[in-house]
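# Per-entry structural report
If you want the building blocks of each chain, they are given just below.
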Amino acid sequence: MSLVIRNLQRTIPIRRVPLRRNVEIVRNILGVEKFDLGIIFLDNKNIQHINRIYRKKNIPTDVLSFPFYENLKAGEVPQPSFPDDYNLGDIFLGVEYIFQQCKENEDYYDILTVTATHGLCHLLGFTHNSEAEWHKMYHQEKQVLEELSQRTGAQLQPLSRGLF
Amino acid sequence: MFSVLRGLPRALGSAAAGLRVSAPAPTLRQLLQPAPRPSLRPFGLLSVSAGPPRRPGLLQPTGPCACGCGLGALHTEGDKAFVEFLTDEIKEEKKIQKHKSLPKMSGGWELEVDGTEAKLVRKVAGEKITVTFNINNSIPPTLDIEEQSSEGQKGEEQEPELTSTPNFVVEVTKSDGKKTLVLDCHYSEDEVGEEEEAESDIFSIKEVSFQATGESEWKDTNYTLNTDSLDWALYDHLMDFLADRGIDNTFADELVELSTALEHQEYITFLEDLKSFIKSQ
């Protein structure tokens, strides 16, 4: 189904196709290519606004995920009964924040891909509140990014690396 | 898609656009007692040939204008009030005019203005990129007064800022010059008067087609790609194609500023023309 990208910010000039190409592969690796997915680019101000409202954290951040299915077990693929429910939810990427955190030797679109993959794992029920949960999430991200790296030639590391 | 944002309360626009010109309130006297309407045309022939007899006052030629100008033009009390109103309005509009001259677009765009139509032209590595827009009907309607007053009546002191968000047409011609790719772009409605929780791109591509270069008339036989049901990957390629040619969100913001300034400039000119017209003999 559809992967829809929206760019709601002006701060970072950004191209959509490089990210789309990678996220399409990631969806495929995770077996969720039949599901709709939204990716929205925000600047610091707007992601901070959403972060404050939904997480009570008044700071900009790199990614916020809003799952369509809120009670999935980690890695569980939803089994919708209706066509309209083939939807994973939305990933808000703080593209300005990510740009500021991006190191000189890193490719910006690679980091966007890593961040979007992390967000997608959250949509599929993965969390990192405890070490055990993080462990599952880290391994899922690692496995997906390794496979993506094999297909694209990039060298991508999970965003959740070193959280515990 | 975007289910989260749909549930959020939206920021309401600041005030109504339509209030920029409020009609002067006619006095009761003017309503009940129309001013004498001297006519330049003698209706003598009509009075002879027409059926029922008419009120003689309407049909008889009258003398010069009653306003004291000594000429034969129609100058009513209403006209006088109208001119006074326009004088004040022009003064107010000039006071709030942000740009005395049109703002420049960054990125080496050259601007040509023909009345209400503006054209931005840029040449990059053999390609010619033209962006055309018209400021007529480019200010979207905003919320009505009732909705605003429920928002805390903040609109009383400050007049709303009107924003012109015209549709714009991008034309790209390659160096061989045979065909021009035409992309019809619109601003998203989300953007209008809403500071927060927008869920659409700042602008979107609505239609894409080819036109023979130099052909000004649109041909219905040309295929037009409507993006409503377009594959998203193709859509993203088109958006990146525009971004590579300097047409991105920053460009869209600057175009709004330019268009708003041009619209305001044309509005003031119109008011001045209107005032001259009302006053003219």
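Predicted model only: the values in this text are computed from it and were never measured.

With that settled, consider the overall build of chain A. Scanning chain A from terminus to terminus reveals 5 helices and 4 strands. Scanning chain A from its N terminus toward the C terminus, one meets helices and strands in the order β-α-β-α-β-β-α-α-α. Against the compact-globule benchmark of 15 Å for 164 residues, chain A has a radius of gyration of 15 Å, which places it among compact chains. Here chain A, with 164 residues, has 52% of them falling under the buried criterion. A separation of at least 24 residues holds for 67% of the contacts in chain A among residues at least 6 apart in sequence. A total of about 8100 Å² of accessible surface is found on chain A, and carbon and sulfur atoms cover 47% of it. Looking at charge distribution, chain A has the averaged site of its 19 positive side-chain charges lying 4 Å from that of its 20 negative ones.

Residue and element names in this part refer to chain B. Judged by pairing direction, the sheet is antiparallel, and its 7 strands sit side by side in the order S1-S2-S3-S4-S5-S6-S7 without closing on themselves. The sheet is open, and its two edges are formed by strand S1 (110–114) and strand S7 (224–226), each paired on a single side. The sheet shows a mean angle of 20° between the axes of neighbouring strands, taken without regard to direction. Summarising the sheet, strand S3 (residues 127–134) and strand S4 (residues 168–173) pair through 6 bridges and their orientation is antiparallel. Across the sheet, the residue bridging to Ile129 is Val172, located in S4. Contacting S4, strand S5 (179–187) and strand S6 (203–212), helix H7 (residues 232–244) runs over the sheet at an angle of about 80° to S6.

Another aspect to go through is the interface of chain B and chain A. Listed by partner, the interface residues are 25 residues for chain B and 26 residues for chain A. With both sides pooled, the region where chain B packs onto chain A buries about 2400 Å², and carbon together with sulfur makes up 51% of that total. Counting every contact that joins chain B to chain A gives 6 salt bridges. The interface formed by chain B and chain A holds 11 residue pairs in polar contact (both at pLDDT 80 or more) in total. Mapped by element, the contributors of at least two residues to the side of chain B that touches chain A are helix H1 (3–6), H7 and helix H8 (249–279) of chain B. At 8 residues, H7 of chain B tops the list of elements feeding residues into the side of chain B that touches chain A. Residue classes in the side of chain B that touches chain A are distributed as 11 nonpolar, 5 polar and 9 charged.

Here the structure, examined in full by the defined rule, presents 12 aromatic pairs over all chains. Each ring, one from Phe99 of chain A and one from Tyr108 of chain A, has its centre 5.4 Å from the other, and the planes form 80°; the classification is edge-to-face. What links up through ring pairs into an aromatic cluster is the set Trp109, Phe168, Tyr187, Phe203 and Phe251 of chain B. Of note, Lys179 of chain B hangs over the ring of Phe210 of chain B, and the distance from its end group to the ring centre comes to 4.7 Å.

Residue and element names in this part refer to chain A. Read from one edge of the open sheet, 4 strands run S1-S2-S4-S3, paired in mixed fashion. In this open sheet, the two strands that pair with only one neighbour each are strand S1 (3–7) and strand S3 (63–67). Strand after strand, the sheet turns through a mean of 15° between neighbouring axes, direction not considered. Across 7 bridges, the pairing between strand S2 (residues 36–42) and strand S4 (residues 87–94) is parallel. Within the sheet, the bridge partner assigned to Gly38 lies in S4 and is Asp90. Contacts from helix H2 (residues 44–55) reach S2, S3 and S4, with the element oriented near 50° to S3.

What follows concerns the pattern of salt bridges. Under the defined criterion, the tally for this structure stands at 15 salt bridges over all chains. The salt bridge partner of Asp236 of chain B is Arg20 of chain A, with a shortest N-O separation of 2.7 Å. Taken together, the residues Asp236 of chain B in helix H7 and Arg20 of chain A in helix H1 (residues 17–30) connect one chain to another. As a salt-bridge pair, Glu147 of chain A and Arg151 of chain A come within 3.3 Å of each other at their nearest N and O atoms. Residue Glu147 of chain A and its partner Arg151 of chain A are both found in helix H5 (residues 131–152); the two are separated by 4 residues, about one turn of the helix.

Moving on, we come to the environment of Arg6 of chain A. Here Arg6 of chain A shows up in strand S1. Distance in space between the C-alpha atoms of Arg6 of chain A and Gly38 of chain A is 7.8 Å, their sequence separation being 32 residues.

Moving on, we come to the pairing of S1 of chain A. Residue and element names in this part refer to chain A. Judged by how many residues are buried, S1 sits mostly within the fold: 5 of 5 residues are covered. The side-chain alternation of S1 yields two buried faces, one formed by Leu3, Ile5 and Asn7 and the other by Val4 and Arg6. With 5 bridges joining them, S1 and S2 adopt parallel strand pairing. What sits directly across from Asn7, in S2, is Phe41. One crossover worth recording links S1 to the parallel S2 by way of H1, and it is left-handed.

What follows is about the side chain of Gln97 of chain B. Residues and elements named next belong to chain B. Mapped onto the elements, Gln97 comes out in the loop between helix H5 (77–96) and S1. Looking at Gln97, the relative accessible area reads 15%, which means it is buried. Gln97 has contacts with His264, Gln265 and Ile268, leaving out every residue within four places of it along the chain.

What counts, and where the lines are drawn
Residues numbered from 1 in each chain as written. Chains lettered and ligands numbered in written order. Predicted model: local features only at pLDDT ≥ 70, side-chain atom pairs only at ≥ 80, totals over all residues. Heavy atoms only, no water. Helix = DSSP H or I, 4+ residues; strand = E, 2+ residues; numbered from the N terminus. Rg over C-alpha atoms; globule rule 2.2 N^0.38 Å. Buried < 20%, exposed > 50% of the residue type's maximum accessible area, 1.4 Å probe, protein only. Contact = heavy atoms within 4.5 Å. Areas by Shrake-Rupley, 256 points an atom, 1.4 Å probe, with all protein chains shown as cover. Lys, Arg positive; Asp, Glu negative; His and termini not counted. Charge placed at Lys NZ, Arg CZ, Asp CG, Glu CD. Pairing = 2+ DSSP bridges. Axes fitted to C-alpha atoms, helices over the stretch in contact; angles between N-to-C directions. Buried area = accessible area lost by both parts, 1.4 Å probe. Salt bridge = Lys/Arg side-chain N within 4 Å of Asp/Glu carboxyl O. Polar contact = N/O pair within 3.5 Å; in protein donor to acceptor, adjacent residues only side chain to side chain. Nonpolar A, V, L, I, M, F, W, Y, C, P; charged D, E, K, R; others polar. Phe/Tyr/Trp six-rings, centres within 6.5 Å; stacked < 30°, edge-to-face > 60°. Lys NZ or Arg CZ within 6 Å of the ring centre and 35° of its normal. Right-handed = clockwise from strand over helix to strand, strands pointing away.

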